[in-house]
Amino acid sequence: MGYEDTWRRSVDEPEAFWGEQAKLIDWQVPPRHILDQSNPPFRRWFVGGTTNLCHNAVDRHLEARGDQLAIVAVSTETGTTREISYRELHHEVNAFAAVMQALGVGKGDRVVIYLPNIAEAVFAMLACARIGAIHSVVFGGFAAHNLALRIDDAEPTLLICADAGMRGGKVIPYKPLVDAALKEAKAPPPHVLVVNRGLDPTMAVVEGRDVDYAVQREAHLGATVPVAWLESNEPSYLLYTSGTTGKPKGVQRDVGGYAVALALSMTTIFDLQPGQVILCTSDVGWAVGHSYNVYGPLLGGCTAILYEGMPTNPDPGIWWKLCEQYGVRTMFSSPTGIRILKKQDEAWLKKYDLSALRWIFLAGEPLDQPTYEWLSGGTGKTVIDNYWQTETGWPALSLMPGLDMRPVKPGSPGFPTFGYRMRVIDDATGEDKAPGEKGVLVIEPPLPPGCLTTIWRDDARYARSYFGHFKELLYSSLDWAVRDADGYTFILGRTDDVINVAGHRLGTREIEESVATLGAVAEVAVVGIADELKGQLPAVFATLKQGVTDHPADVARAMERRVVELLGALARPGCVFVVGALPKTRSGKLLRRSLQALLQGTDPGDLSTLDDPSSLEEVRKAIARGP
Ligand code: ATP
Ligand code: MG
């Protein structure tokens, strides 16, 4: 069966379809019901089935592929590479689980993991899964206050951290942030398990509270910890959204649905068979990292490359070098990551032998056409945009080279994946939009397996935030979309990113894309500013590529001309600012609302996920200087 038939079956006969997919994983007790929708907007998949993520990701492969590499942890920061087979992974995870049990962690307890993108983070996550503890991974390098907020939300029994991370050769101590966060937290955990990498010799140790992982590991090596069989709908982990639109939401994931959805995605979407290699450049702190640095590849019996370092260090060829070295078949990155490389010489794309590489997937933000063309042209590879959310846990819109590859339409992530019945509707009337008309993207319940089950300890916020926007019970994260006559969906940004010029609604993305076609422009963000006459006008903020020598004022005028040329006089920017950096979330998403607030002197809302405060300072100065 091709895409169309398979997808149709997945939404028309969900129980039959997902009942078959359930066989992709091991169950201790098979599910009693495939789907329970008795309490909408909640839904439960594979009810009564008991399973375990660690068993399916590790133990299940021992017989057939014990000696195959499971994880290759590469750090260009510390200059180390660790090649870990499935057997070694099993060994490490058992030891880690035994350490956690000795520290009082049991089933249902929360464990906050605050580690860099290193092998121990994978061990810790899988060890939690093994004993039924609920992990909450906090992106390493989030400030103490963010960490404290997440500790307060999860109320963990244990916190696992490193002495330090590294970025661009600079040591970034983590432990002082942990100490500060635990002072601020209302109910700090009794123990902190420290993975001491020897990066920060000045690290302070709190006697009685801090425990050294290396010592504990030594004491528990060789231990066998039985897996805890969990009912399919019990929580596996908590993970926060990026906070682009406001206060991050604590997404809660289940066990069985997540495992089945990821296993299915590995072969059909990512076109990976057991034994094949994936390089996912995300970080374990993000949803993509959870699903495709760790759980997906391991559930699929693949080899996952875990990368700690910058895309440009030691040089901008590092990702391609890893592709050559390990025979990577599928690569997964983000438009933001590729735009960093795009500032550099294109020759890096051709330096290594990429003959094993088939697909480059990009997710997380709209993939602009210039970036798409630069990457696909430079590598000669198929670049696949895919759309998802922390909430969905796996791609919701994508092309599926593992099932039947359809032609790429640049700018579109393609078609709904299994179980996603999507519509594009009018935000006011709730009526379906015709092809070519813009509207809000919604998902008809039930959400497929793999998606969030609720917001941690806040069912009401789950119902309100995702299902409370329309008369009908429809899920939406308020992204703005249009579907073309061939059924391809294009994401136009978020509904609050729409600019209303004299009654015409322009997506920020359209304007950004037209600005980005100028060769001098590296990155661009567009927001709306209030205008007495027209309601709103677009304001453009852009950074220039390295080595551009044109006068910023000339480039600004060229941007203005380009927008008018491509979109018409209606879209003419009210002001253009050339800045040194744009404000982004920690996960690399443009924080447009902070730009808008600076321009208009309004409240920017929750800025706790802002990556680099100095970028806002630069914008402030640029605004003060005037466009
Ligand atoms: P918050 O929900 O806290 O405001 P966030 O929505 O940025 O933050 P994530 O879950 O990290 O948190 O991001 C999901 C969002 O990212 C999507 O709703 C969409 O707006 C955007 N996105 C992801 N992939 C794509 C894509 N391929 N094309 C366009 N937009 C995308
Ligand atoms: Mg969101």
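Structure first, text after, so check above.
Residues numbered from 1 in each chain as written. Chains lettered and ligands numbered in written order. Predicted model: local features only at pLDDT ≥ 70, side-chain atom pairs only at ≥ 80, totals over all residues. Heavy atoms only, no water.

I'd like to hear about the overall build of the chain, residue by residue, with values.
Assigned secondary structure in the chain consists of 19 helices and 32 strands. Scaling as 2.2 N^0.38, a compact globule of 627 residues should have a C-alpha radius of gyration of about 25 Å, and the chain matches this with 24 Å. By principal-axis analysis of the C-alpha atoms, the chain measures approximately 70 × 60 × 50 Å. Across the 627 residues of the chain, 61% fall into the buried class. Intrachain contacts of the chain at a sequence separation of at least 6 include 70% that bridge at least 24 residues. (Helix = DSSP H or I, 4+ residues; strand = E, 2+ residues; numbered from the N terminus. Rg over C-alpha atoms; globule rule 2.2 N^0.38 Å. Buried < 20%, exposed > 50% of the residue type's maximum accessible area, 1.4 Å probe, protein only. Contact = heavy atoms within 4.5 Å.)

Can you lay out the state of the cysteines for me, pointing to particular residues and giving the numbers?
By the definition in use, this model includes zero disulfides. Of the cysteine sulfurs around Cys-323, a residue in no disulfide, the closest is that of Cys-280, at 12 Å. In this structure Cys-451 is a free cysteine whose sulfur lies 18 Å from that of Cys-280, the closest cysteine sulfur available. Using a relative accessible area of 1% as the deciding quantity, one classes Cys-451 as buried. (Disulfide = S-S within 2.5 Å.)

Describe the site of ligand 1, with residues and values.
Around ligand 1 sit 21 residues, and of these Ser-242, Thr-244, Thr-245, Thr-390 and Asp-479 come closest. Within the side chain of Thr-390, an N or O atom sits 2.6 Å from an oxygen atom of ligand 1. Here Lys-589 contributes a side-chain N or O atom positioned 2.9 Å from an oxygen atom of ligand 1. When isolated, ligand 1 has an accessible area of 640 Å², and the protein chains bury 95% of it. Elements with a minimum of two residues in the shell around ligand 1: strand 20 (382-386) and strand 27 (489-494). When its residues are assigned to classes, the shell around ligand 1 shows four nonpolar, 10 polar and seven charged. (Near = heavy atom within 4 Å. Polar contact = N/O pair within 3.5 Å; in protein donor to acceptor, adjacent residues only side chain to side chain. Areas by Shrake-Rupley, 256 points an atom, 1.4 Å probe, with all protein chains shown as cover. Nonpolar A, V, L, I, M, F, W, Y, C, P; charged D, E, K, R; others polar.)

Any details on the packing of aromatic side chains? Residues and values, ideally.
Scanning the model with the defined rule gives 30 aromatic pairs in all. Summarising the aromatic geometry, the rings of Tyr-237 and Tyr-258 are spaced 5.3 Å apart at their centres and angled 80° between planes, so their arrangement reads as edge-to-face. Pair noted here: Tyr-237 is in strand 14 (residues 237-240) and Tyr-258 is in helix 10 (residues 256-268), with a separation of 21 residues, a long-range link. We note that Tyr-237, like Tyr-258, is buried. Both rings, one in Tyr-258 and one in Tyr-295, keep their centres 5.8 Å apart while their planes meet at 75°; by these two values the pair is edge-to-face. With a gap of 37 residues between them, Tyr-258 in helix 10 and Tyr-295 in helix 11 (residues 287-299) connect regions that are remote in the sequence. No difference in accessibility class separates Tyr-258 from Tyr-295, as the two residues are buried. Through pairs of rings, three or more aromatic residues link up here, namely Phe-17, Trp-18, Trp-27, Trp-45, Phe-46, Trp-394, Phe-418 and Tyr-420. (Phe/Tyr/Trp six-rings, centres within 6.5 Å; stacked < 30°, edge-to-face > 60°.)

Tell me about the sheet that holds strand 12 (residues 210-212), residues and numbers included.
Pairing within the open sheet is mixed, and its eight strands lie in the order 12-11-8-6-7-14-15-25. Whereas interior strands pair on both sides, the edge strands pair on one side only; in this sheet they are strand 12 and strand 25 (454-455). Examined bridge by bridge, strand 11 (residues 191-195) and strand 12 share three bridges and lie parallel to one another. Opposite Val-192, over in strand 12, you have Asp-210 as the bridge partner. (Pairing = 2+ DSSP bridges.)

Break down empty space enclosed by the protein for me, citing the residues and quoting the values.
According to the stated counting rule, one finds five cavities of 30 Å³ or more in the structure shown. Counted as a void, the largest cavity has a volume near 180 Å³. Arg-339, Pro-366, Asp-368, Glu-512 and Val-524 are the residues nearest the centre of the largest cavity, which is lined by 14 residues in total. Going through the elements one at a time, helix 16 (508-516) and strand 30 (521-531) are the ones with two or more residues in the lining of the largest cavity. (1 Å grid on protein atoms, 1.4 Å probe; cavity = no way out; pocket = protein on both sides within 12 Å on 5 of 7 lines; lining within 4 Å. Points joined across faces, edges and corners; volume = space filled by probe spheres on them.)

I'd like a rundown of the pattern of salt bridges, residues and numbers included.
Under the counting rule described, the total for this entry stands at 41 salt bridges. Taking the shortest distance from any N to any O, the salt bridge between Arg-87 and Asp-67 comes out at 3.4 Å. Here Arg-87, found in helix 5 (residues 86-102), pairs with Asp-67, found in the loop between helix 4 (62-65) and strand 4 (69-75); they are 20 residues apart in sequence, far enough to count as distant. A relative accessible area of 64% places Asp-67 in the exposed class. Between Asp-179 and Arg-209 there is a salt bridge, with its nearest N and O atoms 2.6 Å apart. Within this pair, whereas Asp-179 is found in helix 8 (residues 175-184), its partner Arg-209 is found in the loop between strand 11 and strand 12, the two being separated by 30 residues in sequence. Like Asp-179, the residue Arg-209 is buried in the burial classification. Taken together, the shared-partner salt bridges connect Glu-4, Arg-8, Asp-12, Asp-404, Arg-406, Arg-421, Arg-423, Asp-432, Glu-444 and Glu-472 into one network. (Salt bridge = Lys/Arg side-chain N within 4 Å of Asp/Glu carboxyl O.)

So what's going on with the layout of surface pockets? Which residues, and what values?
Over the atoms, a rolled probe matching the size of one water molecule traces out where space is still vacant. What the second largest pocket holds in volume is close to 250 Å³. Along its surface, the second largest pocket is lined by 14 residues, and Asp-153, Tyr-240, Lys-247, Pro-248 and Arg-461 are the ones closest to its centre. If you tally residues by element for the lining of the second largest pocket, the top one is helix 7 (residues 144-154), at three residues. In terms of residue class, the lining of the second largest pocket is made up of five nonpolar, two polar and seven charged.

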